[in-house]
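Read off the chains here:
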Amino acid sequence: RSQEIQHLTPPPPAAQGAASRATMIRAVTLALVAGVAAAAMRVPLKKRDSSEFVRDKLQQAAYRSGLRSESNGSVVISDYQNAQYYGVLGLGTPVQEFNVIFDTGSSDVWVCSSDCDSSCGRHAKYDASASSSYEADGTEFKITYGSGDVSGYESVETATVGELSVADLVFAQVTDAAGLGKAYKYPSLDKFDGIAGLGFGALSVNGETTLLDAMCEQGVIDECKFSFALGDEAAGELIFGAVDDSTYTGEFNYVDVTQETYWRISTDDVLVGGTTINPTTTDAIVDSGTSLITGPTEDVEAIMAAIGAKEYTGGLYTVDCDADLPTLTFVIGGVDYTLTGDQYVIPDSGVCLVAMEALDIPKLSTGPFWILGDVLMRVYTTVFDKSTTPPRVGFATST
């Protein structure tokens, strides 16, 4: 059955395979296209059509299952199904290209393997036999989603992002993607082939070096940071190593990361029309892998009552498309980040979906917390900066 796909934090790193790799000393090689210096790299992001997004989101909400949280404290985070932004990651020599979600809510890189069963459908598949830079690893890989498991095995490859190349990246070849449901099987529904995690190493299934950390350690980028400028009804961009000054106005305001797993921060308040809702939690995750904003049910219900929205199903709400909606503001680091009604509502053929969803993260899974997804990141260019101690997240008004 169709279900909304949300990422669960993997269990603690497995000992198998990790110990042997820890004793290995790999020669770090930097393979850059001739004439391109280590600095920054722009990755174009494609955007899914909003009308298609709304229709599928409402349809799938009727079938979504409840939050799954495993006893080890696994946490639901990224909503991959119906993800609106994806870009290209290359693997191998010669390069094999994959449409991936660059996801700050997870930390592993995975794509379908040529060994995958029918659950991978018509998605692009990595063929190790076609790559001269492939290195076998074989460590088991399994990650749990709201609808089930995705599994396979790890390999080592050269990864390319734009014209930048990262040597010896450990990634997963997925051989069973049934846990992503039927929607993933058909690329016409889910546009992405795999995931490129940009979270912290603590979230990696087997404790592997993340894509960002590999870039930083190998000197591929000058500054250990990346930034998103997401287009509204247009393509966006992800830049590794820098920020494009043309994508924002004013200055960036930064807030420290409070826990180096997700890009987790503290907020000060949540306001509707300038009035606080007295939120039940101030913790938040800034997550490029989630299209909407999510929050505790009690808080979301308070917001929906204030704006006159009606529940559709499964924690999703719709609102009268002609309604005069109040502003929605997240106060972060003493700065107001305000969304107008047309910025937090996604219209389609007379149906206006409020781009916010009720989602209760249990305490066992380090909740509750808000998930600030693409809805906020479209309005505010966002920087994820690991060059400072502690790491920080910055926001500036998008142009």
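This one's a predicted model, so the numbers in the text were calculated from it and none came from an experiment.

Caption draft 1: Main features of the overall build of the protein. The helix and strand tally for the protein stands at six helices and 29 strands. The buried share of the protein, reckoned over its 399 residues, is 57%. Counted over contacts in the protein with a minimum sequence separation of 6, partners at least 24 positions apart contribute 73%.

Caption draft 2: Region of interest: the pattern of salt bridges. Per the counting criterion, the structure on display carries five salt bridges. One salt bridge in this structure joins Asp-385 and Arg-392, with 3.0 Å as the shortest N-O distance. The class for Asp-385 is buried, based on a relative accessible area of 1%. Residue Arg-392 is classed as partly exposed on the basis of its relative accessible area of 23%.

Caption draft 3: Structural context of the side chain of Asp-213. Within the element layout of this structure, Asp-213 appears in helix α4 (residues 211-217). Given a relative accessible area of 17%, Asp-213 falls into the buried group.

Caption draft 4: A look at unusual backbone geometry. Going from Thr-93 to Pro-94, the amide bond is cis rather than trans, its omega being -5°. Position of Pro-94 among the secondary structure elements: in the loop between β4 (85-91) and β5 (96-103). Following Thr-389, the chain continues into Pro-390 via a peptide bond in cis, with omega recorded as -5°. Here Pro-390 shows up in the loop between β28 (380-385) and β29 (392-398). Of note in the backbone geometry, Asp-168 takes a positive phi value of approximately 55° without being a glycine. Assignment of secondary structure puts Asp-168 in strand β10 (residues 164-176). Residue Asp-168 is classed as partly exposed on the basis of its relative accessible area of 28%. For Asn-278, which is not glycine, the phi torsion reads 50° and is therefore positive.

Caption draft 5: Up close: the sheet that holds strand β18 (residues 275-276). Pairing is antiparallel across the open sheet formed by four strands, whose spatial order is β18-β17-β23-β24. A strand with exactly one partner marks an edge of an open sheet, and here the two such strands are β18 and β24 (335-339). In the sheet, strand β17 (residues 269-272) pairs with strand β23 (residues 328-332) via four bridges, with the strands oriented antiparallel. Following the sheet pairing, Val-270 is matched in β23 by Phe-330.

Caption draft 6: View of the nonpolar core. Counting 78 residues, the largest nonpolar core has Phe-102, Phe-228, Phe-240, Met-356 and Trp-370 as the members making the most contacts within it. By residue number, the principal contributor to this core is strand β26 (residues 351-358), which donates six residues. With 17 residues, the next largest nonpolar core counts Ile-143, Tyr-145, Val-174 and Phe-192 among its residues.

Caption draft 7: Seen up close, the environment of Gly-367. The residue Gly-367 is located in the loop between β26 and β27 (370-372) in this model. Its relative accessible area of 13% is what places Gly-367 among the buried residues. A sequence separation of 86 residues divides Gly-367 from Thr-281, and the C-alpha atoms of the two residues are 8.8 Å apart. Those residues in contact with Gly-367 that sit more than four places away from it in its chain are Ile-361 and Pro-362.

Caption draft 8: A look at the pairing of β26. Of all eight residues in β26, seven are buried; the element is thus mostly enclosed. Here strand β20 (residues 293-295) pairs with β26 via three bridges, running parallel. Residue Ile-293 lies in a different strand from β26, and its bridge partner there is Met-356. In terms of strand pairing, strand β22 (residues 316-319) meets β26 through three bridges, oriented antiparallel. Of the residues in β26, the one forming a bridge with Thr-318 is Leu-353. When strand β25 (residues 345-348) meets β26, the two strands line up antiparallel, connected through four bridges. The partner of Ile-346 across the bridge, within β26, is Leu-353. Between β25 and β26, which pair antiparallel one after the other, the connecting turn spans two residues, and Ser-349 there sits at a positive phi close to 50°.

Each value, and the rule that gives it
- Residues numbered from 1 in each chain as written.
- Predicted model: local features only at pLDDT ≥ 70, side-chain atom pairs only at ≥ 80, totals over all residues.
- Heavy atoms only, no water.
- Helix = DSSP H or I, 4+ residues; strand = E, 2+ residues; numbered from the N terminus.
- Buried < 20%, exposed > 50% of the residue type's maximum accessible area, 1.4 Å probe, protein only.
- Contact = heavy atoms within 4.5 Å.
- Salt bridge = Lys/Arg side-chain N within 4 Å of Asp/Glu carboxyl O.
- Pairing = 2+ DSSP bridges.
- Core = buried A, V, L, I, M, F, W, Y, C linked by side-chain atoms within 4.5 Å.

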